[in-house]
Every structure is written in C-alpha cells, then in structure tokens.
Amino acid sequence: MRILLICASGMSTGILMRKMVQEASKCTSDFEIKACSFQDYEFYGNDFDVILLGPQLSYKLKVIEENIQIPIGVIPGYDFAIGNAKAIFKLAEELISKARGQK
Amino acid sequence: MKSNKDTVYEFIQNYFKLRVNREEFGLSTIFIAEQLGIQRSNLSAILNKLVEEGKIEKSIGRPVLYKPIIGGLNTSNETSCFKYLIGLDASLKNAVQLAKAAILYPQKSLTSLITGAPGTGKSYFAKLMYEFAVENEVLENKAPFVKLNCRHYIDTFDLLHKELFSESTYDFTNLFDRANNGVLFIDHFDLLPPLTRTQLIDFLETKTYQVIGTSTRITCSCILILACDDNAPQTILDSFAQKIPIRVILPSLNRRTLEERFQLIQHFFKIEAAQIGRTIEINSELLRSLLLYECPHNVKQLQNDVKIGCANAYVRYMREEGHFKVFISDFESYVRKGFLYYKKYRDEIEHIIPQSYHYAFSSNSMERSKLSEQEHQKQSFYDEINTRIVELQSRGIEQSDIHQIISDEMESSFSKYRTALIKQAVNKEQLSKLVSPKLISYVENFLNEASIRYDVIYPSSIFYGLCLHLNSTLNKLDRMPLLSNEQIMEIVEVNKDAYAFCLRFTRMLENKLNIKLPIDEVVFITMFLTGHLEERKSEASSVVLIIMHGNSAANSIAETVNSLVKCDNAYAYDMSLDKPMQEAYEDIKDKIELIHRGKGIIVIYDMGSIKTMCENIAVETGIEIRMINVPITLIALDTSRKISMGNSMDAIVESVRRSTSVYIDAQTLKNTNLKEGEVIVTLCNTGMGGANQLMHYLRKNPSLDAIEIIPLAQNDRLKLEVDIRQIQELKTIRWLVGTYDPNLSIPFIPISKVFETEVDHLDKLFNYETNEVDGEYTVIYEYLSEQLKHVDIRKLKRFLPNVIRDIRREAQNKLSRDQELGLFIHIACSINRILSHERCPINLQKEIILTKYEHTFKAVIRMLKPLERSFDLIFSDDEIANIVSIIKQL
C-alpha cells in the first residue's frame, strides 16, 4: 500500500511518516509512505494508492479531490496529534476499499 | 432703597461666604447689631422674620446664633410663583425659563411639552405654569385649570375621546370647553390611542377641534400643556415634538444636587410637621440616608417616603406629649440603604449635614442644634449601647427585641472598634512604642495559651488589637465602662469556657499590674477571643445592571426581575438611541457608582458600544465590572434586515440561528480564555513586604518567571478573601504560598518549603511540568518529545497552547478542533525545523498572502512572539505565510 501524507510544509506529516514506517516494519505487507507539502503533492500524487491530509489542511480536500483521481481523506486531529499510526493505516485501508467498492 | 431686612440678610450671607470655617455655627444678635448699627430689639424682629421666611436658621439654646440656610431658597431675585420652586437657580433654571417664555409669548401662550422620569414633578410644574400665567395676567384670576390624566382612562379610551371631543350639552361640558381661557393639562398623553392623538395634533395645528359626529370645528383658546414620562415611545414624542415649540425637561432626582434634595426633604418634613401639628425631630444619620437612598420615582417617592416615616412615628406618639422623634426604623428598608453611598459623597454630605446635630422641623422652620460637646465625645463603645437601649425603649420596642437588636449591634460596633484598633499598629516594633513590653508579653502568652486551648490560630490583628485595647483601658481606669447585666449574662452564657479562661487572664493582670478591672473588661476580652470567628458579615454584594438600547426595555426587565426575585439587586439603564455617546457614558457611570454595593457590577447588555463604555468606566471608577452580552437587539436587527431582503422565512431563521451561535460562542470562548491564566499568590502576615520578597524569590527560577505572581497581605482575612475571589474570577490560582494556610481550598505551599528548595528546582515544587496538561495532551507531548529532538517540550507546554488560543481567536473560531490540533503539531514541527537549522520551503503564495492579508500576517507574527522569545528563534515569512493560509483556509 502506498500512502501519501500531505500537510502545509511536509514537516508534521514528516514525523507522522516516521511513526508509520516504524509501525509498518512490524507487518509483513509492503508499504510505501511519503510526506510532502501541499505545494508539491501534484508531483507525487498519482504514484500513490491513497492520500491523507493533515487535519489543518482539511479545507483543501475538495481542491485535491478535483485534481487527482485517487481516494483521499483527512486524518482525525487527535490521531494526527499523537501519531496514532495504527488508526491511520486503518483509515487508509478503509478509504481504498471504499473507493474499490464504488468502482 | 434697601430695607433693613435686606441689609441684615445680605450681611449674614456675605459673612458666611467669606468664612472658610463652615463649622462656625452662626452670628449672635449682639454681633450683628454692632456691625450694622441697628437696635437690638429691631434686629430681633428682623431676624425672626428671616427665619420664618426660611432664609436663615437659628440655633437652639443660648445665645441664639443665626446663619443662612445653605443654598437657601431665595438667593435669586425671583418674585413670581416659581420662587418657591426648589432648584430654581440650578437644576430647574432652564425649565423655568422655558416655561415662562411659553406663557408670556406675545399674543398667545405656546403649547408646552413637559417630559421627565416618573415622579419628577411634571404635574406640579404644570400647575406652577398656570399660576404664573394668572400672576402675569395672561389668564384671568379664576381661569380654569383642567387636568386630564390619560392613565386613568387606560381601559376606557372611548370615554376619554368623548370627554374631549363630544359636543357640550346642558348637562355635559367637554374638556376643551371646561378649559377654555384657562389651562388644559394632559398627562401621559403618550398613552392615548392613535385616533385621539391625531385629533390632538390637529388641535395643536389649528387651535380648533372637530366635534364627534359633526363637521363643526370649534375653536378653543386654552393654554395646552402636555406631559409624559421620559420613556414614552420615541415615535410618539417625535410626532408631537415637531408641533410643540416648547419642551421642558425635568431632571430626575439623581441628576439634581444633594443640596436641592436636602431642601426637598426639609420641605416635606415641614409639610408633615404642619399636618401633624408638632415639631418633628430627627438625627443627622436619618437625614443622610434620605439624602442618598436610591429613589427611582424621584421627588414624588421622596415625599411619600417621608410621609410614611412620619406616619409610622405618629402611631407611636399619638397619645403622648413631648418630643416627636422620627427614626430610621420608621422608614422603608431601602431608605436605610442610602447610608451605603455615604462614603462616596462624604465631603458633600458633611458639608450639608454635619454629624452630631439634631434637626427639628416645624411647619415653617428647620432648627439645627449641635449635640453638646460632652454628649458627642464620650460616645464610646459602651455609651453607644446604652444610648441605644434608651432609644429603643423610647420607641416602644419590646424588651426581648431590644436584647436581640443590641446584641446584633454590639457585635457590629465591636468589630468596628477592633478594626479601628488594628489600623493603629502594623508591627510589633511599632506596637512596643505604644504599649509597655510587659503588657505585650502578657497578651502574647495569653493568646498562645488560647491558641492551644481552642485550637485556633489567632490572626496577628487580634494580638495587636488586644494589646492596644488593654493599653487604653489601663490608661484611663477612672472611666467605668458599663454593660448592662443582661448583656454580660448573655455573653457569659454563650461563651462560658472562654469567659472563664479570660477571667483567669484578667485576674493575672490585676495581680501583676496591681489594678482592678471591671467585669465588663473580662466580657470584652471574651468577645475579642470569640468574636473574630464571625467577622465575615458584610452588606457588600454584587448587583446586576441591565443596559439596553431603546427607551424602556432594560427597565422592564429589571422590574420583572426584582418583582420575581425580590432581591432588589437588578438595575437598569435604557440607552436612548438619540442620546449622545458621551452623555450616555456619563449616565451609565453615575448609575454604576450609585448602585455599587462594594462587590462589583455585572452588566448584561445588548450591543457592542456598551462593552467599551463599561470597560472604561471600570478603569475610571475602579469598580469591578463583568459583562454578559445578550445580543437580542442585534439578532432582531439581523432578522429584520434579512426579512427586508426578501428571503424565505425558514432560510432567515436558519441563518439567524447560525449567526446567533457565533455571537454566543465567541463570548463563552472569551470567558474561558480569561480563566486560562494561572497565577501564584504569595501571602504575607503583616503587610505586603514579605509577599513581595517571596515573589521576587520565586521569580529567580526561569520557569516561574513567566507565571504571574500576585503578592497579597494576609492580615485582614476579609480583605484577603475578597481579593482572592476577585483574582479567581479572572484566573486560576494555582498555589498559595505563605506562612500559614488560610484554608481557602486552594493548594498551599508553606514558605518554609520554598526556602528549603533550591531556586533551580522551584518549578518542580510548583509542579509546573505537568500542570496545564489535561489527559489528552499528555500523549501528544509524549509523541512530540519522542519525535522532535530539538524542542524543549516544557517550554512548548507553557507557550504553545496560548498561541493556539490566540490563533483561534484570530480565525474567529472558524477552525475546527481537528484543524487546531493539526496546527498545534505543525507549529511544534516548525520550531523543531528551525532549531535544527533546516530551511523552510518557500511558500509560493507568500507575496499574495502578505499583501492581501497583511493584518492577519502581522497578528500571527505578534502571536508567535512568546515562542520566538522562549526558544530564541525567528519564524521566517514563509512559516508565517503557511500559518496564515491555514487560518484563512487559502
């Protein structure tokens, strides 16, 4: 599963990314996780299965949805603030399976 | 040529104008006779005449002394019927001039409109205008004065309409005909139904009216005077004001000077004296209360209240000869409250009504007599009580009730006495200059024993007070204080053990100092020991003031509240829309100062400008004011505006609801923000010195340096509690630090512990690492400290929540909780990045944001300052632009 994390300048999602990579290393499946700033997401966007937004950028959801045809969601504030990697993986999975269901 | 009478009066007046010492009570007949070269027998007659005319007053006793009545009635050369009007030269000057102009207008008197708060004397004034018209031959001697009070017709306006406009027949004369060639006075005309109003306006314009059911127009030549309360609907007032050339505004009682009010009170007492047919005696305390109590129905109420007081007294004296005395207890309880305002007007009051005088009113004069010097000075604690007993007895109060009243009053005068004592000395060193060291050590031992015995720590004030009291007792043992046996019995009964204990102490004193102490002293000391536990009684309380735009909303609400709750602590100010800001400000300020009862004012208001005013008033007057915004007017405005734009009803309701919640949320948010500040309070037993030093000591620790520390004195328990409560309204008190715990359910750290702790570890003692973290944030900080290697999480805890709070405010609450959390992490990471010397990627929109949102941009820079200072870093413009774009959701 490839997850792209987007925040204002790629820092806060940066630390989340580290936390998630740590968590992912416990699992067997393959993960690719990247954090980038909102300005850069179009470079990477299409290479990922799902996009997760930092809660502070929730207002960007619509703009990105219109731009890129991959599942996208906003990370709940508290999960984001404590780096709750498990919950965020779960969110990513849900988004992907929901998107598949729609197709 | 001046008459002798005028010369004498002028002389007396001038004499007192030049005197600085107003206490001097007057001039003797001999002195005046010498100065003016008038025969004494003639002079006496003249002086008596002047007294009768109310121009001067004379003292009781010999020699008789004369002085002018302050602000005496006839200071001007007014000769018309207005000359007896109190305030002629001051608050009513303008009104009188206008009234005269209206009456004397060439050819035909003008219609006048009199407005003023209820009870300001509108009817009385109208009557005076009538008299003035007769006096000046504008009207004939027996011209009619017809008064129509619309309030009496409130359910029968049809009838009223007929009374006015029906055709006069042989057994019915309509009001216009009755008032023809005289005065027609219509009171509360604003209550008239629209039709009658229209006809009345028609009459104003044409001086004719149409008879009901006919087309006949009849001319009536009467002087029309209209009156209404000042809170009458503005629209009605306006429609009439256009047609009425003269508008007389009568000031409410609290806009008039105290001297005028004093004159009114004098006048009313004289009327009562005349009706009862006796001389009424009152003391200065009662006069002062009458002068100051809040009197919303103005002059009329003042007169009624005086009447009620005299009537109550009359019941008591009905069958008795001798002095007819009226006491404050004869009056409604709210009159007594007047004394609460005494402090504010002290100087003015002392000038008008000096203490220790008795006043006697007869039908045509007021006499003021000074209590004899002796009488005045020996008013000690005991004397006061005994005087009171006699007074109470003479008022026909039951013995058992007297007992109760006296013991209550004793408590209160005792606490006054003790407070006065305490104020005399601040520390032991000073004390030793006044009191012999021997006595100090006796008292010290005595109190120590008492402490152990009753498990009470006596405040140092008790110690000082007792020392000083005993000292003064020892110095004038010749004066025997007297408590009645009953009083002694009661105190002994209630405090048996303490009494026995004190008895031992006084025995010891008697032995050591070789003196004899009366039993009253023992009782007194017993009260010292036991009394302080009940020191907290106080009449001070907060009050609520409702301020609304418009003419009557606030008053109606306050009235409703007061009649439902009966606490009489709701007041109102109606802020008329056409009132200039500055005037409204002064009005509200006066109001607040007047209703203040020592514990602050809670203002409930409807729209913006009031808030700023109250904030300024709080600063100007030093009175604590808290505000609650209930934006009812704003919501109604909003709704009305939306309706006018033609939206559907449901859409309007929905959007109004939404915007309403914004007003209200913004407010609750603000309140909680205020609470967020945390303070440490340092306490000192004697004064502020120790508390200040303690504060400086705590400040040495860098973590504590940022915390607000407030030093307070602990010696006055009551004051301490008030101070603490005031602080708590705004902030959370985290810790109290001091010598002993005042038991105010606030965590307490003893001073000893503070000094045992090294400065560097003080923050640990005060637990500042964990305190402001609620459960949720603990985990967040853990996560951050794990991930952000360069950030000192402790500093982050202290400053970042405040920054987020500021940002929330800047974003006007548009950020969701999730967004705030995101922002929280974002800023924490930014700090980490700056500290690790990584560069922030360039924000491509920076320039646009800078120009378009300059204000927010600057605000964010300001908000981040605490972080910049504590972490010693600078946020780049790119970082700030990032934050701005989140706030503005760009």
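These numbers come from a predicted model, not from an experiment.

## Some words on the overall build of chain A
Here comes step 1: When helices and strands are tallied, chain A shows five helices and four strands.
Here comes step 2: Each helix and strand of chain A, ordered N terminal to C terminal, gives the series β-α-β-α-β-α-β-α-α.
Here comes step 3: Within the span of chain A, comprising 103 residues, buried residues form 55% of the whole.
Here comes step 4: In chain A, of all internal contacts separated by at least 6 residues, the share reaching a separation of at least 24 is 60%.
Here comes step 5: Looking at chain A as shown, the accessible area adds up to about 5000 Å², and 48% of this sits on carbon and sulfur atoms.

## Some details on the interface of chain B and chain A
Here comes step 1: Taken together, the contact between chain B and chain A spans 27 residues of the former and 22 residues of the latter.
Here comes step 2: Considering only the side of chain B, the residues that lose the most area to chain A are Y783, Q787 and Q819 of chain B, jointly responsible for 26% of the buried surface there.
Here comes step 3: One can count one salt bridge joining chain B with chain A.
Here comes step 4: Ionic pairing is found between K19 of chain A and E786 of chain B, a salt bridge with its closest N-O pair at 3.9 Å.
Here comes step 5: Counting the contacts that link chain B with chain A gives seven residue pairs in polar contact (both at pLDDT 80 or more).
Here comes step 6: Among the elements of the structure, α34 (775-787), α36 (817-835) and α39 (877-887) of chain B are those that each provide at least two residues to the side of chain B that touches chain A.
Here comes step 7: The greatest single-element share of the side of chain B that touches chain A, amounting to 10 residues, is contributed by α36 of chain B.
Here comes step 8: For the side of chain B that touches chain A, the residue count by class is 14 nonpolar, nine polar and four charged.

## Topic: the confidence of the model for chain B
Residue and element names in this part refer to chain B.
Here comes step 1: Chain-level pLDDT for chain B is 78 on average; 81% of the residues reach the 70-or-more range.
Here comes step 2: Mean pLDDT across the elements of chain B ranges from a minimum in helix α15 (residues 373-377), with 42, to a maximum in strand β6 (residues 183-187), with 93.
Here comes step 3: Low confidence marks residues 665-675, where pLDDT is under 50. Its contacts with residues over four positions away, or in another chain, come to 17 contacts.

## Remarks on the sheet that holds strand β21 (residues 732-738) of chain B
Residue and element names in this part refer to chain B.
Here comes step 1: Reading across the sheet, the four strands line up as β20-β19-β21-β22 and stay open at both edges, with parallel pairing between neighbours. Whereas interior strands pair on both sides, the edge strands pair on one side only; in this sheet they are β20 (708-713) and β22 (748-750). Averaged over neighbouring strand pairs, the angle between their axes works out to 25 degrees when direction is ignored.
Here comes step 2: Inspection of the sheet shows strand β19 (residues 678-684) paired to β20 by six bridges, in the parallel sense. Residue C684 lies in a different strand from β20, and its bridge partner there is A713.
Here comes step 3: Set on the sheet, helix α29 (residues 689-699) makes contact with β19, β20 and β21; between it and β19 the angle comes to about 135 degrees.
Here comes step 4: In this fold helix α31 (residues 717-730) packs onto β19, β20 and β21, with an angle of close to 160 degrees to the strand it touches most, β20.

## Some points on α29 of chain B
Every α-helical turn comprises 3.6 residues, leaving residues that sit three or four positions apart pointing alike.
Here comes step 1: Three or more residues of α29 of chain B are buried, namely A691, L694, M695, Y697 and L698 of chain B. Axial view of α29 of chain B: buried residues confined to an arc of 160 degrees, hence all on one face.

## Examining the sheet that holds strand β1 (residues 2-7) of chain A
The strands that make up a sheet are held in pairs by hydrogen bonds between backbone atoms, and each pair lies either parallel or antiparallel.
All names here are of chain A.
Here comes step 1: If you walk across this open sheet you meet the four strands as β2-β1-β3-β4, and the pairing is parallel. Looking at the sheet topology across the chains shown, the edges are occupied by β2 (32-37) and β4 (72-74). Averaged over all pairs of adjacent strands, the angle between strand axes in this sheet comes to 25 degrees, irrespective of strand direction.
Here comes step 2: Looking at chain direction, β1 and strand β3 (residues 50-53) are connected through four bridges and run parallel.

## Some remarks on the environment of S58 of chain A
Here comes step 1: Relative to the assigned elements, S58 of chain A resides in the loop between β3 and α3 (61-67).
Here comes step 2: Accessibility expressed as a relative area gives 25% for S58 of chain A, which makes it partly exposed.
Here comes step 3: Considering only alpha carbons, one finds S58 of chain A and C7 of chain A, 51 residues apart in sequence, at a separation of 9.4 Å.
Here comes step 4: Once residues lying within four places of it in the same chain are set aside, the contact partners of S58 of chain A are V74 of chain A together with Q819 of chain B.
Here comes step 5: Polar side-chain contacts of S58 of chain A include one of 3.2 Å to the side chain of Q819 of chain B.

## Some words on the pattern of salt bridges
Once the charged atoms of two side chains with opposite charge are near each other, the side chains can pair.
All names here are of chain B.
Here comes step 1: This model, assessed by the stated rule, comprises 25 salt bridges over all chains.
Here comes step 2: Between E163 and R178 there is a salt bridge; the shortest N-O distance is 3.3 Å. Of this pair, E163 sits in helix α6 (residues 157-165) while R178 sits in helix α7 (residues 175-179), and the two are 15 residues apart along the sequence.
Here comes step 3: The exposure class of E163 is buried, given its relative accessible area of 17%.
Here comes step 4: When the shortest N-O distance is used, the salt bridge between D587 and R255 registers 2.9 Å. Within this pair, whereas D587 is found in helix α25 (residues 581-595), its partner R255 is found in the loop between β10 (246-250) and α10 (258-276), the two being separated by 332 residues in sequence.
Here comes step 5: For D587, a relative accessible area of 10% gives the class buried.
Here comes step 6: A single network of salt bridges, built from pairs that share partners, joins R255, K579, D587 and D590.

## What about a nonpolar patch on the surface?
Here comes step 1: A cluster of nonpolar side chains, contributed by I602, I628, V630 and I632 of chain B, occupies part of the molecular surface with about 300 Å² of accessible area.
Here comes step 2: For V630 of chain B, a relative accessible area of 38% gives the class partly exposed.

## A few points about the packing of helix α2 (residues 29-36) of chain B against helix α3 (residues 40-52) of chain B
All names here are of chain B.
Here comes step 1: Two numbers describe how α2 lies on α3: the axes approach to 10 Å, and their chain directions differ by 115 degrees. Regarding the angle of α2 to α3, the classification is roughly perpendicular. Like other packed secondary-structure pairs, α2 and α3 cross with a definite hand, here right-handed. Residues T29, I30, I32 and A33 of α2 pack against R40, L43, S44 and L47 of α3.
Here comes step 2: A per-class count over the contact of α2 with α3 returns five nonpolar, two polar and one charged.

## A look at the nonpolar core
Here comes step 1: Membership of the largest hydrophobic core comes to 78 residues, with the highest contact counts inside it found for I6 of chain A together with L784, I827 and L867 of chain B.
Here comes step 2: Ranked by residue count, the leading element in this core is α36 of chain B, at nine residues.
Here comes step 3: Once residues within four sequence positions are removed from consideration, L784 of chain B is found in contact with I15 of chain A together with I793, L796, F824, I825 and A828 of chain B.
Here comes step 4: Counting residues in hydrophobic clusters, the runner-up holds 60 residues, among them F268, A584, I588 and V603 of chain B.

## As for the state of the cysteines
All names here are of chain A.
Here comes step 1: Under the criterion given, the structure shown has zero disulfides over all chains.
Here comes step 2: Considering cysteine sulfurs only, C7 is the nearest to C36, which forms no disulfide, with 8.0 Å between them.
Here comes step 3: By relative accessible area, C36 is classed as buried at 4%.

Rules and cut-offs
- Residues numbered from 1 in each chain as written.
- Chains lettered and ligands numbered in written order.
- Predicted model: local features only at pLDDT ≥ 70, side-chain atom pairs only at ≥ 80, totals over all residues.
- Heavy atoms only, no water.
- Helix = DSSP H or I, 4+ residues; strand = E, 2+ residues; numbered from the N terminus.
- Buried < 20%, exposed > 50% of the residue type's maximum accessible area, 1.4 Å probe, protein only.
- Contact = heavy atoms within 4.5 Å.
- Areas by Shrake-Rupley, 256 points an atom, 1.4 Å probe, with all protein chains shown as cover.
- Buried area = accessible area lost by both parts, 1.4 Å probe.
- Salt bridge = Lys/Arg side-chain N within 4 Å of Asp/Glu carboxyl O.
- Polar contact = N/O pair within 3.5 Å; in protein donor to acceptor, adjacent residues only side chain to side chain.
- Nonpolar A, V, L, I, M, F, W, Y, C, P; charged D, E, K, R; others polar.
- pLDDT = per-residue confidence, 0-100.
- Pairing = 2+ DSSP bridges.
- Axes fitted to C-alpha atoms, helices over the stretch in contact; angles between N-to-C directions.
- Arc of directions from axis to C-beta.
- Patch = residues over 30% accessible without salt bridge, like charges linked within 9 Å, V, L, I, M, F, W, Y side chains within 5 Å.
- Parallel < 35°, antiparallel > 145°, perpendicular 65-115°, else oblique.
- Left-handed = near helix turned anticlockwise from the far one by under 90°.
- Core = buried A, V, L, I, M, F, W, Y, C linked by side-chain atoms within 4.5 Å.
- Disulfide = S-S within 2.5 Å.

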